[in-house]
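Geometric and topological summary
Spelled out from the first residue to the last, the chains are:
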Amino acid sequence: MVRIELSEDLKEEMKKLREELAKLKDQLRDVTEREHERRHGIYIDVGNRIRDHVEDVMESVTEGIQGELEKSIFIGPGGVRITRRRETPEEDEAKLNFPKAAEVMSALGQEHRLKVLKELIGGGKYINELQEKLSEITTSTLSSHLKVLEEAGLVVQEKMRGRYLITIPGRTAYKMATRITRFLERGNQE
Amino acid sequence: MIWQNYQLGNAISKTTESITLWRTEKGTVEIGKNALAIPIKLDDQQKGYVFHGRGKLLLDTIVETQEGAVGRPVENELNGLFLMLGDTEEMQRHLDSAVKEDLAKMGYNTEQGFIDKAEDLFDNFFGKKGIHGHQCCGNNHGVIFAFPNETGKLDKLIAKGSKLVYKATNQTFVSNDDKVVLKTPSEVIVSGGNRKSLVIKKRMFHRNH
C-alpha cells in the first residue's frame, strides 16, 4: 500500500467541485420548473415525476463520486491522502490483455497514425483540418487510419459535430511511443 | 391550478416522412417514415407521443479533459416503442391516420395490440397510479424521451436548451453548456469547462489543472 499526501489545494478544489455540482443540480432542476413569465408556446411539465427523475440522476452521480472518493481517499486529521494499492510488475504482466495490447500497438505502428495522434493532442479536429496537416496522404487513407485508431480506443469521433478527439489512452500511447523512441535513440548514440 | 391525469389518446397515426424530434449540437432523436404514433394528452392538449418505428438516437456523451477525451458517443438504432413529451405542434403536420396495413407492418394485428404495448410503456414511465401534471404557458421547449432498454428499464433523456440529462443502464451524462458530469461503471468525470476536470476511476484519483 502506498500513501500519497496531497496538498491543501486539492481539498479546496474538491470543495469547489462539490459547489459546482450543487449549482448544476439547481440549474437542471429548472428543466422541470414552470416559467410563468414566458408568453408563448406550450410548456411541458409533468410535475414531480420528472423532477424526481432529475433528482435521481443527480443523486446517482453524486453518490458515485462520493463512493469512489471514499474508496480511494482517506480523509484524516492530517488532510487528504490517497490510499492506493500498487500492483507488482508480475501482477501487471499477468493481467495484460495480450490481444488488446497487440491491437493498440498495431494501431500505433504506422507513421501517419502517430502523426494524427500528435495533431489531436492540440485539441479536437475535423477531418479536413487533419487532411491539411497530412497532405501527403489521401482523405480515404486518412479515414482508414482514423478508423483503426478509433477501433483501438485511441481516438473518438463526435457523432454530431464530426470532430475527432484523442482519448486518455490515445494520449498515453503517444507519450509511450515518444519515450520508447527517445530511449532507443539515446541508446544508439551511446 | 387544476391537477389532472396524463392519459393516452386512442387515435393512432403514422409518420408520413422522417421527423427530427429533437436536435442540438450534443445529439439528435429521429423517427423514420411509417412509424406508429399514439398521443399523450393532458385534458384536450397534446403533450407528447408514444412511437413505434425505426429511428435513431445519437448523443455525444464525451467529455474533453486536458488528458484526453473520456466517454463514447451513444449511437442507438431505435426499432421499438419509445415515449416523447414535448412540443408536438410542428410534428402533427407530418402525421396521418394509420390504417390496418400500417399496424401490420409493425407487427400488430389490431389497434388494441399497439394500444396495449403503448400503455405498458406509458405505465412504466408515469407509474401505474397515473401522474398528475399541470400546464402553463411559456415558450419553454423542454423535451423528455424514454427508451425501454434490454433490462426492461427506461433510458431517459431530458433536454432543454443547452441543458441535458441522459440516464441509461451503463452511464449517466449531465451537461449544462461546457459543464459536464459523466458517470460510467468504471469512472466519474466532472468537467467544469476549459477542459478543467476531475477524473475519478476505480482505485484511482486523478486531477487535471
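Presented here is a report on the structure given in the accompanying data block.

Parameters at a glance
Residues numbered from 1 in each chain as written. Chains lettered and ligands numbered in written order. Predicted model: local features only at pLDDT ≥ 70, side-chain atom pairs only at ≥ 80, totals over all residues. Heavy atoms only, no water. Helix = DSSP H or I, 4+ residues; strand = E, 2+ residues; numbered from the N terminus. Contact = heavy atoms within 4.5 Å. Areas by Shrake-Rupley, 256 points an atom, 1.4 Å probe, with all protein chains shown as cover. Pairing = 2+ DSSP bridges. Axes fitted to C-alpha atoms, helices over the stretch in contact; angles between N-to-C directions. Buried < 20%, exposed > 50% of the residue type's maximum accessible area, 1.4 Å probe, protein only. Polar contact = N/O pair within 3.5 Å; in protein donor to acceptor, adjacent residues only side chain to side chain. Patch = residues over 30% accessible without salt bridge, like charges linked within 9 Å, V, L, I, M, F, W, Y side chains within 5 Å. Salt bridge = Lys/Arg side-chain N within 4 Å of Asp/Glu carboxyl O. Expected span 1.5 Å × (residues − 1). Arc of directions from axis to C-beta.

**As for the overall build of chain B**
Looking only at helices and strands, chain B has 2 helices and 22 strands in total. For chain B, restricting intrachain contacts to residue pairs at least 6 apart in sequence, the fraction spanning at least 24 positions comes to 56%. As presented, chain B carries roughly 9,700 Å² of accessible surface, and 43% of it is formed by carbon and sulfur atoms.

**Some details on the sheet that holds strand S10 (residues 74–78) of chain B**
Residue and element names in this part refer to chain B. Taken in spatial order, the 4 strands line up as S3-S4-S7-S10 in an open sheet, and their pairing is antiparallel. Each of the sheet's edge strands pairs with one partner strand only, and the pair in question is strand S3 (19–23) and S10. Across this sheet, the average inter-strand angle for adjacent strands is 10°, counted without regard to direction. The pairing of strand S7 (residues 55–59) with S10 spans 5 bridges and is classified as antiparallel. Bridging from a neighbouring strand, leucine 58 pairs with glutamate 75 of S10.

**Here we look at unusual backbone geometry**
Residues and elements named next belong to chain B. Although it is not a glycine, asparagine 34 adopts a positive phi angle of roughly 65°. Tracing the backbone through its elements, the reader meets asparagine 34 in the loop between strand S4 (27–31) and strand S5 (36–42). The class of asparagine 34 is partly exposed, set by a relative accessible area of 23%. Despite not being glycine, aspartate 177 has its phi angle at roughly 55°, a positive value. Tracing the backbone shows aspartate 177 in the loop between strand S18 (172–176) and strand S19 (179–183).

**Thoughts on the side chain of His94(B)**
All names here are of chain B. By the element assignment, histidine 94 lies in the loop between strand S11 (81–85) and strand S12 (95–97). One polar contact links histidine 94 to glutamate 17, side chain to side chain, over a distance of 2.8 Å. Side chain to side chain, histidine 94 and glutamate 90 meet in a polar contact 3.4 Å long. What histidine 94 contacts, discounting residues up to four positions off in sequence, is Lys14, Thr15, Thr16, Glu17 and Ile19.

**Some remarks on a nonpolar patch on the surface**
A cluster of nonpolar side chains, Met105(A), Met176(A), Ile180(A), Phe183(A) and Leu184(A), forms an exposed patch at the surface whose accessible area comes to about 500 Å². Within the fold, Met176(A) resides in helix H8 (residues 168–189).

**Some details on the environment of Leu198(B)**
For Leu198(B), the location among the structural elements is in strand S21 (residues 196–201). When the C-alpha atoms of Leu198(B) and Val181(B) are compared, they prove to be 9.5 Å apart, with 17 residues separating the residues in sequence.

**Things to note about helix H2 (residues 111–126) of chain B**
All names here are of chain B. Spanning 16 residues, H2 covers 22 Å between terminal C-alpha atoms, matching the ideal 22 Å at 1.5 Å per step. If you check which residues of H2 are buried, you get Phe114, Ile115, Ala118, Leu121, Phe122, Phe125 and Phe126. For H2, the buried positions fall inside an angular range of 125° around the axis, keeping them on one side.

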